[in-house]
Structure formats: C-alpha cells, structure tokens
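In case you want the letters, here they are:
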Amino acid sequence: MKKLLTTLAVCILLPAGQALSADLDAPHTPTRAEWLRVYLAENIKIVTDSWPLRVRVMVTVVSKNQQVMITLRPADGEKEPTREQRDACIASVSDMVNRALASYAWSKDLKVSVLFV
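Calculation criteria
Residues numbered from 1 in each chain as written. Predicted model: local features only at pLDDT ≥ 70, side-chain atom pairs only at ≥ 80, totals over all residues. Heavy atoms only, no water. Helix = DSSP H or I, 4+ residues; strand = E, 2+ residues; numbered from the N terminus. Expected span 1.5 Å × (residues − 1). Buried < 20%, exposed > 50% of the residue type's maximum accessible area, 1.4 Å probe, protein only. Arc of directions from axis to C-beta. Phe/Tyr/Trp six-rings, centres within 6.5 Å; stacked < 30°, edge-to-face > 60°. Core = buried A, V, L, I, M, F, W, Y, C linked by side-chain atoms within 4.5 Å. Contact = heavy atoms within 4.5 Å. Axes fitted to C-alpha atoms, helices over the stretch in contact; angles between N-to-C directions. Parallel < 35°, antiparallel > 145°, perpendicular 65-115°, else oblique. Left-handed = near helix turned anticlockwise from the far one by under 90°.

With that out of the way, let us pick up helix α2 (residues 32–48). Over its 17 residues, α2 extends 24 Å from the first C-alpha to the last, a length consistent with the 24 Å expected when each residue adds 1.5 Å. Listed as buried for α2 are Arg32, Ala33, Leu36, Leu40, Ile44 and Thr48. Taken end-on, α2 shows its buried residues confined to a sector of 110°, consistent with a single buried face.

In structure tokens:
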C-alpha cells in the first residue's frame with residue numbers, strides 16, 4: 001500500500017517539477033540562464049585554449065527565444081583566420097555546446113547559434 005501511495009505521489013508531482021524546469025528564468029540563484037552562460041563560456045574557453053588560433057568567446061542566453069548565441073572572434077593580436085579555420089571553429093564549438101545542452105533535460109531543446117565575426 002505504501003509503495004502504491006509513493007508511486008502515485010511521484011506520478012502526480014513529477015510533471016509539475018518538469019514543467020518548472022523548462023523555465024530558464026526560474027527562481028534559482030543564479031538563474032539557469034546565468035549559470036548556462038558562465039558554464040558554456042568557461043568550457044569553450046578551456047577547449048579553445050589548446051587551439052593554435054586564439055579566440056575570444058561571448059556567450060549570450062536569450063530566455064525569451066530559448067536560444068544560446070555564441071560569438072567567436074580572433075583574440076587581440078591574432079591575424080584574421082582563413083575561411084576553413086573559421087568553419088572548423090564554428091563546427092567544434094557548435095558540437096561541444098550541443099552535447100553540453102543535451103546533458104540537461106531543461107536545456108536540451110534550446111537553439112544554438114555560433115558565429116565567427
């Protein structure tokens with residue numbers, strides 16, 4: 001009987017928790033959007049530090065559009081990269097970000113946009 005009541009309680013409360021988890025502006029400190037911005041920026045920086053082309057990274061999370069926008073640009077003092085280098089950077093960062101977002105239920109459906117300017 002206790003197992004049945006526990007199962008019913010979980011089945012009733014679980015959907016409510018999942019609905020709240022999709023809100024990037026949910027009352028957390030920091031918010032999920034803020035945490036995601038810092039988390040992605042730091043992980044991208046760690047990955048790109050080993051590249052021959054040094055890049056600067058800016059991550060923006062737009063809650064209203066459910067989108068993560070990442071802007072890459074050559075670091076100060078770096079020469080302008082070739083088209084192939086830019087495409088490789090974009091592909092690598094896009095793949096890394098998509099894998100990171102897929103690991104959390106609340107972020108797996110976010111759109112990702114990566115630009116090299």
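On to the packing of aromatic side chains, then. Here the structure, examined in full by the defined rule, presents 5 aromatic pairs. Each ring, one from tyrosine 39 and one from tyrosine 104, has its centre 6.4 Å from the other, and the planes form 85°; the classification is edge-to-face. Taken together, the positions of tyrosine 39 in helix α2 and tyrosine 104 in the loop between α3 (83–102) and β3 (111–116) put the pair 65 residues apart, joining distant regions of the chain. Owing to a relative accessible area of 27%, tyrosine 104 belongs among the partly exposed residues under this scheme. Cluster of aromatic residues (ring-pair linked, three or more members): Trp35, Tyr39, Tyr104 and Trp106.

By size, the foremost hydrophobic cluster in this structure holds 23 residues, and its most contacted members are Leu36, Leu40, Val68, Ile70, Val93 and Val97. Take this core: its biggest share by element is 6 residues, from α3. Residues within four places of valine 68 in sequence aside, it is in contact with Leu36, Leu40, Val59, Thr60, Val61, Leu101, Leu110, Lys111, Val112 and Ser113.

Interaxial distance between α2 and α3 falls to 11 Å at its minimum, and their mutual angle equals 135°. With respect to each other, α2 and α3 are oriented oblique. Crossing of α2 against α3: the hand is right-handed. Counting all contacts with α2, which are made through Leu36, Tyr39, Leu40, Asn43 and Ile44, the residues of α3 involved are Val93, Met96, Val97, Ala100 and Leu101.

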